[in-house]
Amino acid sequence: TVSPPVKPTIHRKDWYTVSVDTLRGWGIFLTLLVLAGLALVGWRLWERRALERESRSVLEDASRLVAQVQEAQGNAAFQVEFGEAWRSLEAGRGELAAGRYGEALAAGRRSRALSQSILDALRDRRLSGEAQFIAAQGGVEYRRGDRGEWEEARARLVLHSGDYVKTAA
């Protein structure tokens, strides 16, 4: 008996070749991508810490000013404003403790501005001026005379002849 011829089995392998330059290019690209990601994470962390430091500083200023208002003579006329400054300070402290630094900063700035305006009004009560800010919202600034520094306007701030006022658009 004769058996039929056996066909050899062919094992076929597909190979791909990738040049070293291509691998090097991909390696550089991935390294740059990782470095960019790390830089972004670092920037955000730095920005968050800077916001935390600023909010702590503003809340400390506001706390100091609130204490000055409490000790000032004649503060009874400003109980509504003082109450709002106190509530803003407490809200800012709560936001800071919760890690919401942007909200803490805004509340601290509000408390600081209210307290400073009360102190300015108490100090300037005996001074006569030609005008006074009743309320200041948005970008309102003033300066004393032609060469003074522009400062943020506050409620109850007394203006005199020669002072300048500017507002945002």
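Look above for the structure.
Here is what the cut-offs are and how they apply
- Residues numbered from 1 in each chain as written.
- Predicted model: local features only at pLDDT ≥ 70, side-chain atom pairs only at ≥ 80, totals over all residues.
- Heavy atoms only, no water.
- Pairing = 2+ DSSP bridges.
- Helix = DSSP H or I, 4+ residues; strand = E, 2+ residues; numbered from the N terminus.
- Buried < 20%, exposed > 50% of the residue type's maximum accessible area, 1.4 Å probe, protein only.
- Contact = heavy atoms within 4.5 Å.
- 1 Å grid on protein atoms, 1.4 Å probe; cavity = no way out; pocket = protein on both sides within 12 Å on 5 of 7 lines; lining within 4 Å.
- Points joined across faces, edges and corners; volume = space filled by probe spheres on them.
- Nonpolar A, V, L, I, M, F, W, Y, C, P; charged D, E, K, R; others polar.
- Expected span 1.5 Å × (residues − 1).
- Polar contact = N/O pair within 3.5 Å; in protein donor to acceptor, adjacent residues only side chain to side chain.
- Salt bridge = Lys/Arg side-chain N within 4 Å of Asp/Glu carboxyl O.

A.B. asks: Tell me about the sheet that holds strand β2 (residues 140-143), residues and numbers included.
C.D. replies: Read across the sheet, three strands follow the order β3-β2-β5 without closing on themselves; strand pairing throughout is antiparallel. Single-partner strands in this sheet number two, and they are β3 (151-152) and β5 (164-167). Inspection of the sheet shows β2 paired to β3 by two bridges, in the antiparallel sense. Residue pairing across strands places Y142 opposite E151, the latter belonging to β3.

A.B. asks: Outline the side chain of S117, listing residues and values.
C.D. replies: Counting through the fold element by element, S117 comes out in helix α3 (residues 101-124). The buried category is assigned to S117, whose relative accessible area is 3%. Excluding residues within four positions of it along the chain, S117 makes contact with R154, A155 and R156.

A.B. asks: Before we move on, can you summarise the layout of surface pockets with the specific residues and values?
C.D. replies: Unfilled space is identified by rolling a water-sized probe across the atoms. Computed from the structure, the largest pocket encloses a volume of approximately 600 Å³. For the lining of the largest pocket, the elements supplying multiple residues, two or more each, are α1 (20-71) and α3. No other element matches α3, which puts seven residues into the lining of the largest pocket. A breakdown of the residues in the lining of the largest pocket according to their chemical character gives nine nonpolar, five polar and nine charged.

A.B. asks: Residue-level account of α1, with values.
C.D. replies: In this model, α1 (52 residues) spans 76 Å end to end at C-alpha, consistent with the 76 Å of a helix rising 1.5 Å per residue. Listing the buried residues of α1 in full gives S55, V58, L59, A62, L65, V66 and V69.

A.B. asks: Summarise the environment of D21; cite the residues concerned and give the values.
C.D. replies: Relative to the helices and strands, D21 is located in helix α1. A distance of 3.1 Å separates a polar atom in the side chain of D21 from a polar atom in the side chain of R24.

A.B. asks: Give a description of helix α2 (residues 79-97) that names residues and reports values.
C.D. replies: With 19 residues, α2 should cover 27 Å at 1.5 Å per step; its first-to-last C-alpha distance of 27 Å lies within 8% of that length. For α2, the set of buried residues is E81, F82, G83, A85, S88, L89, G92 and L96.

A.B. asks: Talk me through the pattern of salt bridges; I want residue IDs and the actual numbers.
C.D. replies: Evaluation of the coordinates by the stated rule reveals eleven salt bridges. A salt bridge links D61 to R112; the shortest N-O distance between them is 3.7 Å. Note that D61 is positioned in helix α1 and R112 in helix α3, a separation of 51 residues in sequence. The partly exposed category is assigned to D61, whose relative accessible area is 25%. The partly exposed category is assigned to R112, whose relative accessible area is 28%. Between R110 and E84 there is a salt bridge, with its nearest N and O atoms 3.5 Å apart. Note that R110 is positioned in helix α3 and E84 in helix α2, a separation of 26 residues in sequence. We classify R110 as partly exposed; its relative accessible area is 43%.

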